[in-house]
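Chain by chain, the residues:
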Amino acid sequence: MSSIDNWQSLAAKEVKGRDLNWQTPEGITVKPLYTADDVSVDPGLPGFAPFTRGVRASMYAGRPWTIRQYAGFSTAEESNAFYRRNLAAGQKGLSVAFDLATHRGYDSDHPRVVGDVGKAGVAIDSVEDMKILFDGIPLGEMSVSMTMNGAVIPILAFFIVAGEEQGVDRKLLDGTIQNDILKEFMVRNTYIYPPEPSMRIISDIFGYTSREMPKFNSISISGYHMQEAGATQVQELAFTIADGIEYVKYGVASGLDIDKFAGRLSFFFAIGMNFFMEVAKLRAARVLWHRAMTKLGAKDERSKMLRTHCQTSGVSLQEQDPYNNVIRTTIEAMAAMLGGTQSLHTNALDEAIALPTDFSARIARNTQIVIQEETGMCNVVDPLGGSYYIESLTQQLVDAAQGIIDRVQNEGGMAKAVAAGWPKAMIEEAAAGRQARVDKGEDVIVGVNKYRLATEDRIETLDIDNHVVREAQIARIKAVKAARDEAACQAALRAITEGARGNGNLLALAVEAARHRATLGEISSAMEEVFGRHGTVPTPVKGVYGAAYAGDDRYQQILDGVEAVSRRLERKPRMLVAKMGQDGHDRGANVIASAFTDMGFDVTSGPLFQTPEEACALALEKGVDAVGASSLAAGHKTLIPQLIALLREAGRPDIKVVAGGVIPPQDYEFLREAGVQGIYGPGSNVLDCAADMLRLLGHNMPPLGSELEKAE
């Protein structure tokens, strides 16, 4: 009998024959033991192709990854003060979060963004805001990352002009602009223009930066938001690499030499709680990118080298027992480090419910400093390299992701795949399946569906006074417009419109407009005049959540309750899932719409970016019994009360309004007083939400059997 046979026999006795294999959401079977027989590919050495073990020979033994905390809130003044405090405390690079009005190309005085200004990032309306944002921070010496996709042209133009007016030549500007529009159409939805002109914008940025900004990364190809939307690690990996291939093809098609711009492309991945899978994912990404770029004709090894920023998962953070989030973030940070990231953001413990306080942001930042300074982890290059499990898992991820990439390429590339909608549907199916597993207790989340506290202590959270911020921004916009040369500004804006109709470089034209103090909204509108504004209506998947609950007693209770309400109403109960404001993150809204549809509700998914007036009109048109308002960007205190007031004015106070998403517990009473009849924060069980909805609709719904008891 072989040694492996002996091990299997001994292990079977120890666990009384129970199967120790684990099936991951990616469809990968993980065995309890790996040996040399499971490793078929030599990973090579760090710093050498295909860079499986890292992009630099010395990796962190030579220089640790960059601590680059993503932050921005309220006004440019507030964010600037926050950045300067963090830099003084050990942060090495800046990563700017813009508010949703800015992302969507609206100035702060636009009527569609009343509830969004300054809430989920910093409001930037003009060069003057950008100059204040970096006041006292030398742009010639600081690497700056900016998460911007829709309004990427005016934001990058403002950054360039702010540098000029600091006396910094744009050739010295160092940093990264996200500029990844394909993933916006798939999952994050902070787009402005339709896909084709959006891809033209990316090519224009590639062209300008390759000529004028040799130190600047012209795109950060992002898988982060895919995983946050529910993608498995294989899906995140495959679609991110496929996006990168598409961008390179567009750059080459626009006349650029691949080796002149590809070396400035970077990537951005999420790091979740499946520790070893995340380590292997980053290693697999480097292999896949090297393979793809070689096939595309790149000759320079730097063009084939995948460099990445990582961020710990936002969706793994929980409102319940929130100090567990410190542990989750630490584990995820270690996975990013062991996978070989080039920079890292660690999320704060309170980000499941609000923007981070200085207290929680310090813990998040110090998590990285402790790993770098106290653990000795940086002293060895790729310390998990050669692990039978890691090497096997890396190869399985390469093979599984390559299969999806091949499908994308065989069907005409990622832009066509996004237009066809199947990547988005695949991710939404994975999200619905994950939610069902969590609700059933099959995927354990400590403090949420197992080991839950009997009572929760509130933690202090940051609250932004949206009205004060918006008024200050409007005042600055007026001052900027009053002081500028209006004729020169309007001429520059007309040049952008003509450039959009023709083949002028839009970034170069926007830089000129920014010098003349055109605002972000004006520059965006100048292009929108030609390109139009893109809009979609969500189409949530069906059958995934319900299939996971086949034969479940609690689920049957919900089905019976919906049937009883349907008999009384002589129709299915009707519900509108509304997304108001400029937040495009729709995972929660889509999961609720999918699950409630499977349960028998007649669900209408409202268009993204509605105003309260538009949501009210749709609720009246569809004759709904209830509205579920999804809020992830802190606009709940403004937008949801407006919706309730409008329904009352329309003579329909009987329509029940409930709210779900990222809502701090200290706001619950405010919302209840405004008329919200149910509030469901992160970690809420969807079956419990459905039972509450049936009670609101007048059904005598008995308590559901406790899933927590089962999980315990």
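Residues numbered from 1 in each chain as written. Predicted model: local features only at pLDDT ≥ 70, side-chain atom pairs only at ≥ 80, totals over all residues. Heavy atoms only, no water.

Under an unreviewed UniProt entry, the chain has the name Methylmalonyl-CoA mutase and belongs to Novosphingobium sediminicola. Of the chain, the UniProt comment under Pathway (unreviewed entry) reads exactly: "Metabolic intermediate metabolism; propanoyl-CoA degradation; succinyl-CoA from propanoyl-CoA: step 3/3." The Cofactor (unreviewed entry) comment attached to the chain in UniProt states, word for word, "adenosylcob(III)alamin". (UniProt positions renumbered as here; feature names shortened; annotations may be inferred.)

A. Up close: helix α10 (residues 233-253). Between its terminal C-alpha atoms α10 stretches 30 Å, which fits the 30 Å expected from 21 residues at 1.5 Å a residue. Extensive coverage of α10 is indicated by the burial of 17 of its 21 residues. Immediately beyond the C-terminal end of α10, within one or two residues, lies Gly-255, with a positive phi of roughly 105 degrees. (Helix = DSSP H or I, 4+ residues; strand = E, 2+ residues; numbered from the N terminus. Expected span 1.5 Å × (residues − 1). Buried < 20%, exposed > 50% of the residue type's maximum accessible area, 1.4 Å probe, protein only.)

B. Inspection of the sheet that holds strand β13 (residues 602-605) at higher detail. Spatially, 5 strands are ordered β13-β12-β14-β15-β16 in an open sheet, and the strand pairing comes out parallel. The sheet is open, and its two borders are formed by β13 and β16 (678-680), each paired with just one other strand. When strand polarity is set aside, the average angle formed by the axes of neighbouring strands in this sheet is 20 degrees. Against the sheet, helix α24 (residues 587-599) touches β12 (574-579), β13 and β14 (626-631), its axis set at about 170 degrees to β12. (Pairing = 2+ DSSP bridges. Axes fitted to C-alpha atoms, helices over the stretch in contact; angles between N-to-C directions. Contact = heavy atoms within 4.5 Å.)

C. Local environment of the packing of helix α7 (residues 181-188) against helix α17 (residues 422-440). Between α7 and α17, whose axes approach to 9 Å, the crossing angle comes to 45 degrees. As summarised for this structure, α7 and α17 are arranged oblique, according to the angle between their axes. The hand of the α7/α17 crossing is right-handed. Two secondary-structure elements touch here, α7 through Phe-185, Met-186 and Val-187 and α17 through Pro-423, Lys-424 and Ile-427. Of the residues that constitute the contact of α7 with α17, the class distribution is 5 nonpolar, no polar and 1 charged. (Parallel < 35°, antiparallel > 145°, perpendicular 65-115°, else oblique. Left-handed = near helix turned anticlockwise from the far one by under 90°. Nonpolar A, V, L, I, M, F, W, Y, C, P; charged D, E, K, R; others polar.)

D. Representation of the pairing of strand β4 (residues 93-97). With 5 of its 5 residues buried, β4 lies for the most part within the structure. Here β4 shows two buried faces, one formed by Gly-93, Ser-95 and Ala-97 and the other by Leu-94 and Val-96. Of the strand pairs in this sheet, β4 and strand β5 (residues 143-147) are connected by 4 bridges, and their pairing is parallel. Its bridge partner being in β5, Leu-94 is matched across the sheet by Val-144.

E. Structural detail: the environment of Met-213. With respect to the helices and strands, Met-213 occurs in the loop between α8 (195-212) and β7 (216-217). Taking the C-alpha atoms as reference points, Met-213 and Glu-614, 401 residues apart in sequence, are found 43 Å from one another. Contact partners of Met-213, with chain neighbours within four places excluded, come to Leu-156, Ile-160, Arg-170, Lys-171, Leu-173 and Tyr-208.

F. Focus on the nonpolar core. Within the largest apolar cluster, 78 residues are counted, with the highest numbers of intra-cluster contacts made by Phe-239, Ile-241, Tyr-247, Trp-289 and Met-414. With 12 residues, the single largest contributor to this core is helix α12 (residues 275-295). In this structure, Ala-151, Val-161, Phe-216 and Ala-361 belong to the second largest nonpolar core, which totals 57 residues. (Core = buried A, V, L, I, M, F, W, Y, C linked by side-chain atoms within 4.5 Å.)

G. Highlighting the domain arrangement of the chain. Domain assignment breaks the chain into domain 1 (34-52 + 66-420) and domain 2 (544-697). Relative placement of domain 1 and domain 2: their C-alpha centres are 33 Å apart. For the domain 1 and domain 2 pair, buried surface summed over both sides reaches about 1900 Å², with 52% attributable to carbon and sulfur atoms. The largest per-residue losses of area from domain 1 upon contact with domain 2 belong to Arg-112, Glu-319 and Ile-353, which jointly make up 27% of the total buried on that side. The interface formed by domain 1 and domain 2 contains 1 salt bridge. For the salt bridge of Arg-112 with Glu-614, the shortest nitrogen-to-oxygen distance reads 2.9 Å. Counting across the domain 1 and domain 2 interface gives 9 residue pairs in polar contact (both at pLDDT 80 or more). Broken down by element, the side of domain 1 that touches domain 2 gets its largest block of residues, 3 residues, from helix α9 (residues 224-228). Broken down by class, the residue content of the side of domain 1 that touches domain 2 amounts to 12 nonpolar, 8 polar and 7 charged. (Domains from an automatic or database assignment. Buried area = accessible area lost by both parts, 1.4 Å probe. Salt bridge = Lys/Arg side-chain N within 4 Å of Asp/Glu carboxyl O. Polar contact = N/O pair within 3.5 Å; in protein donor to acceptor, adjacent residues only side chain to side chain.)

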